[in-house]
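Fold and contact review
Letter by letter, the chains look like this.
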Amino acid sequence: MPAWLPRAMVLALALYACFQLGSWAFDQLIGLLINVLIAFFLALAIEPAVSWMAARGMRRGLATFLVFLVVLTAGAGFVVLLGSMLAGQIVDMVEEFPKYLDSVLNWVNQNFHTELSRVEVQDSLLHSDWLQKYVQNSATGVLDISTTVLGGLFRLLTIFLFSFYFAADGPRLRRALCSVLPPTRQAEVLRAWEIAVDKTGGYLYSRSLMALISGIAHYILLVVLGVPYAPALAIWVGLVSQFIPTIGTYLAGALPMLIAFTVDPWYAVWVLGFVVVYQQFENYALQPKLTAKSVDIHPAVAFGSVIAGTALMGAVGALIAIPAVATLQAFLGAYVKRYDVTDDPRVHGRLQQRGETLLTRLRRSLGTAENEEARGGPGGAGTPEEAGRAGR
């Protein structure tokens, strides 16, 4: 046996053991790593506000605390307002449920010539097997729901704690990171950090502005239609439609449509039409102007990044995909060498004009040939001088 073979086998086994250990640790810590990533992007989003307050003499810790206090107060107020609205609406729907059921049964009896009654339907529902199984499963799943809620609260606390440290100790974190890098790499790291702050903060603030405009527009519509809980529904539409990519618009419009349907079914149609029209106005007129400087990426790239982020990390990846791609695009733009584009019609989308030019040239050449024949050119009866020139 060669002398190096035992050492190579031991080294291979050690590397395999380290790989298995690293994979196991990564699987166990994936939740914590995702929370840290969310906290980092949240810290980048509030960095401009914290830096603005710190530049005016306020301590970064206090500035970060005030920003988080405003965010938490606004979030708690929104949740309380939306919860009270939903609770009141559920109570109203439960109280009005017999009337809805009577109207549906009357329509069924008139159109299908049946004799259904509300009492029979209620008894059949209350004594059905699927309802009893659902109640049993709900009773056994109360503990699981409580565990999920507590786990979500702990995760939210972890995210806020890490984001507070990232924002409050941002300069210290940057100094610690640059201390292990050579001077040439330090400039690149600081530049990447600055781009990430600009893109993430710009994305958040532009989305917040669009959410405000969307909320005001939908609030006016709901007030005109007389739909209850117009302020809470407007806030819901503005936030959900802007901060949940791809499907946020449809989720945001479903709740106002449901509430409007309880008032008048035609109101739900009006709300649906307004949501569709406003979405087109936002996509083609409002969003390009507000996000041109903050997150300047192509809509197809943004959509693909959202799909990729969702496939990798679920809802979290969908939320941070656009600012992450915008940051990467802006950072790599400084290292990609660009050249002047050739003046070709295919580059500028003038294929039709080029085709017209070729047709014009063809007609011109045909006209020249006809003129030559008219003057007695080659094969014609022209003057002797022209015939001599043609022969030569």
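Cut-off values and rules
Residues numbered from 1 in each chain as written. Predicted model: local features only at pLDDT ≥ 70, side-chain atom pairs only at ≥ 80, totals over all residues. Heavy atoms only, no water. Helix = DSSP H or I, 4+ residues; strand = E, 2+ residues; numbered from the N terminus. Contact = heavy atoms within 4.5 Å. Phe/Tyr/Trp six-rings, centres within 6.5 Å; stacked < 30°, edge-to-face > 60°. Buried < 20%, exposed > 50% of the residue type's maximum accessible area, 1.4 Å probe, protein only. Salt bridge = Lys/Arg side-chain N within 4 Å of Asp/Glu carboxyl O. 1 Å grid on protein atoms, 1.4 Å probe; cavity = no way out; pocket = protein on both sides within 12 Å on 5 of 7 lines; lining within 4 Å. Points joined across faces, edges and corners; volume = space filled by probe spheres on them.

Some details on the side chain of Ser 214
Along the polypeptide, Ser 214 turns up in helix H7 (residues 183-225). Look past the residues within four positions of Ser 214 in its chain and what remains in contact with it is Val 237, Gly 238, Ser 241, Gln 242, Tyr 278 and Glu 282.

A closer look at the packing of aromatic side chains
Using the criterion set out here, one finds nine aromatic pairs in the structure. Taking the centre distance of 6.3 Å and the plane angle of 50° together, the rings of Phe 68 and Phe 164 count as tilted. Of this pair, Phe 68 sits in helix H2 (residues 60-112) while Phe 164 sits in helix H5 (residues 142-168); the two residues are 96 residues apart in sequence, bridging distant segments of the chain. By relative accessible area, which is 8% here, Phe 68 ends up buried. On the accessibility criterion, Phe 164 (25% relative accessible area) is partly exposed. With a centroid separation of 6.1 Å and 65° between ring planes, the pair formed by Phe 164 and Tyr 165 is classed as edge-to-face. Relative accessible area serves as the criterion here: at 46%, Tyr 165 is assigned to the partly exposed category. Members of the aromatic cluster, each reached through a chain of ring pairs, are Phe 40, Phe 41, Phe 162, Phe 166 and Trp 193.

A look at the pattern of salt bridges
According to the stated counting rule, one finds three salt bridges in the structure shown. One salt bridge in this structure joins Arg 60 and Glu 47, with 3.2 Å as the shortest N-O distance. Here Arg 60 is found in helix H2, whereas its partner Glu 47 is found in helix H1 (residues 4-54), with 13 residues between them in sequence. In this pair, the class of Arg 60 matches that of Glu 47, namely buried. Residue Glu 188 pairs with Arg 185 through a salt bridge whose shortest N-O separation is 3.3 Å. Taken as a pair, Glu 188 and Arg 185 lie in helix H7 at a separation of three residues, close to a single helical turn. Take Glu 188: its relative accessible area is 27%, and that puts it in the partly exposed class. What emerges from the salt-bridge pattern is a single network uniting Glu 47, Arg 60 and Arg 174.

Considerations on the layout of surface pockets
Considered as a void within the structure, the largest pocket measures approximately 2,000 Å³ in volume. Every residue lining the largest pocket is counted, 49 residues in all, and those nearest its centre are Leu 42, Val 71, Leu 204, Leu 239 and Phe 243. Elements that contribute at least two residues to the lining of the largest pocket include exactly H1, H2, H5, H7, helix H8 (230-243), helix H11 (299-313) and helix H12 (315-333). Per element, the largest residue contribution to the lining of the largest pocket is 10 residues, and it comes from H2.

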